[in-house]
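So the chains spell out like this:
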Amino acid sequence: MKSGFVGIVGRPNVGKSTLLNAILGEKIAITTEKPQTTRNTIRGIFTRYGQAPGEEDIQMVFIDTPGIHKPRNKLGEFMTDAAISTFGEVDAIIFIVDEALSRGPGDKYIVELLREIDTPKILVINKIDRMGPEEFAKTYREYEELEMFDKILGTSALEGIHVEDVIEAASGFMEEGPMYFPDDIVTEHPARFIVSEIIREKVLMYLEDEVPHGVAVEIEQYVEEDRLTRIGAVIYCEKKSHKGMIIGKGGRKLKGIGKSAREEIEALLGTKVFLETWVKVKENWRDSNIALTNFGYRD
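Residues numbered from 1 in each chain as written. Predicted model: local features only at pLDDT ≥ 70, side-chain atom pairs only at ≥ 80, totals over all residues. Heavy atoms only, no water.

### Topic: helix α8 (residues 252–269)
Since there are 3.6 residues in each turn of an α-helix, residues three or four apart along the chain are aligned in direction. Applied cut-off: Under the scheme used here, helices are H or I runs from DSSP no shorter than 4 residues and strands are E runs no shorter than 2 residues, and both carry numbers assigned from the N terminus. Expected span, for any helix, means 1.5 Å times one less than how many residues it has. Only protein chains enter the accessibility calculation, which uses a 1.4 Å probe. A residue is then buried if its area is under 20% of the maximum for its type, exposed if over 50%, and partly exposed in between. The contact criterion used is simple: two residues touch if any of their non-hydrogen atoms lie within 4.5 Å.
Taking 1.5 Å of rise per residue, 18 residues should cover 26 Å, and α8 covers 25 Å from first to last C-alpha, within 8% of that figure. For α8, the complete set of buried residues consists of L254, G256, I257, G258, A261, I265 and E266. On its buried face, α8 is in contact with α6 (191–206), β9 (228–237), α7 (240–247) and β10 (272–281). Once α8 finishes, G270 follows within two positions and takes phi at roughly 75°, a positive value.

### A short note on a negative patch on the surface
The cut-off we apply is this: Each patch groups residues whose relative accessible area exceeds 30% and which form no salt bridge, using 9 Å between like charges and 5 Å between nonpolar side chains of Val, Leu, Ile, Met, Phe, Trp and Tyr. A 1.4 Å probe and the Shrake-Rupley method give the accessible areas. Residues count as covered only by the protein chains that appear here. Just to be clear on terms, a salt bridge is a Lys or Arg side-chain nitrogen sitting within 4 Å of an Asp or Glu carboxyl oxygen. Counted as positive: Lys and Arg. Counted as negative: Asp and Glu, with His and the chain ends omitted from the count. Charge positions come from single atoms, namely NZ of Lys, CZ of Arg, CG of Asp or CD of Glu.
A contiguous patch of negative charge, built from E56, D91, E175 and E176, is present on the exposed surface. Along the polypeptide, E176 turns up in strand β7 (residues 175–176).

### Describing unusual backbone geometry
Comment: phi is negative for the bulk of residues other than glycine, and the bulk of peptide bonds are trans. Backbone geometry places K127, a non-glycine residue, at a positive phi of 65°. Relative to the elements of secondary structure, K127 occurs in the loop between β5 (121–125) and α4 (133–144). The class for K127 is buried, based on a relative accessible area of 19%. The phi torsion at E147 lies on the positive side, around 55°, for a residue other than glycine. The class for E147 is exposed, based on a relative accessible area of 74%.

### Focus: the sheet that holds β9
Through backbone hydrogen bonds, the strands of a sheet pair up, either in parallel or in antiparallel fashion. Our working definition: A strand pair is defined by DSSP finding two or more bridges across the two strands. Lines fitted to C-alpha atoms define the axes, with helix axes restricted to the stretch in contact, and inter-axis angles between N-to-C directions lie between 0 and 180 degrees.
One open sheet holds the three strands; their spatial order is β8-β9-β10, and the pairing between them is mixed. Each edge of the open sheet is held by one strand with a lone partner, namely β8 (216–224) and β10. Across the sheet, the mean angle separating the axes of adjacent strands is 15° when strand polarity is ignored. The strands touched by α6 within the sheet are β8, β9 and β10, with β8 carrying the most contacts at an inclination of about 135°. Docked against the sheet, α7 engages β9 and β10, running at close to 155° with respect to β10.

### Let's talk about the confidence of the model for the protein chain
Any region with low pLDDT has predicted coordinates that should not be read closely. Let me state the cut-off plainly: Scored from 0 to 100, pLDDT records how confident the predictor is in each individual residue.
Chain-level pLDDT for the protein chain is 84 on average; 85% of the residues reach the 70-or-more range. Low pLDDT, under 50, characterises residues 34–40; the predicted model gives this stretch 43 contacts beyond four residues in sequence or across chains.

### Concerning the packing of helix α1 (residues 16–24) against helix α5 (residues 163–171)
We count it as follows: Under this scheme an angle from 65 to 115 degrees is roughly perpendicular, one under 35 degrees roughly parallel, and one over 145 degrees roughly antiparallel; angles in between are oblique. Here the nonpolar group is Ala, Val, Leu, Ile, Met, Phe, Trp, Tyr, Cys and Pro; Asp, Glu, Lys and Arg are the charged ones; every other residue, Gly included, is treated as polar.
Contact geometry for α1 and α5: axes closest at 10 Å, N-to-C directions at 85°. The orientation of α1 with respect to α5, classified from their angle, is roughly perpendicular. Two secondary-structure elements touch here, α1 through L19, A22 and I23 and α5 through V163, V166 and I167. Classifying every residue of the contact of α1 with α5 gives six nonpolar, no polar and no charged.

Take a look at the structure:
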């Protein structure tokens, strides 16, 4: 068997989590149109047994990292450090972009970080369904001229276009090794973590502007019964005004968040779910080491 680890890196909101979900064929990482949706490194486990003669079994552990950006608080520092620390711990790196290198400083910063390491690098130009041929050609040419990528591919992770090419490119850098995880799981994260992320995703979808970035979700109750899972979740925000925005007039917004989250959690767990949500204020938690530890963002 071939096996190994693959890091997925890039700016916020370029489609890293969407690509991971597409590779695995199911959703384990939350995705929204808002940047910095991913906060933790999320491991997705891809296992495939060879079907044709001579085709080897393979297991790749894809590590979806937070978007690399200039941090403005301790949470931002944690997210960027978590992404950069992946560089030296994997067998291959997938660097995702969605525009030409000349259009902004964010990708240039990551390119300079990647220059310093010898790990094989695959450049994935994502969202090609939104690009014209000239824009794609310009993006491809600018990165090819750097002469630092082993492969350059175009994909649309959202539409599932050329995702198989990414899988094949990454598998080419795997070597003989053990099966790290059982073949019937796609993530090492416990259900509680995924549930908290689903709730946070719905908050991101229902709210605008700065409020989502000041939101964390803590699961206080998780009880599995025969045909029902009881979940109690606290949504933390940083300001009293944000609390009112999350709850909404007459509690309508919080009810919408809860209903949308419950439906997706039921599909994930395969059981009926009784979900209760509360909103509490914890001022400046993104700059509190204690709060970041309690919410699972640092050891």
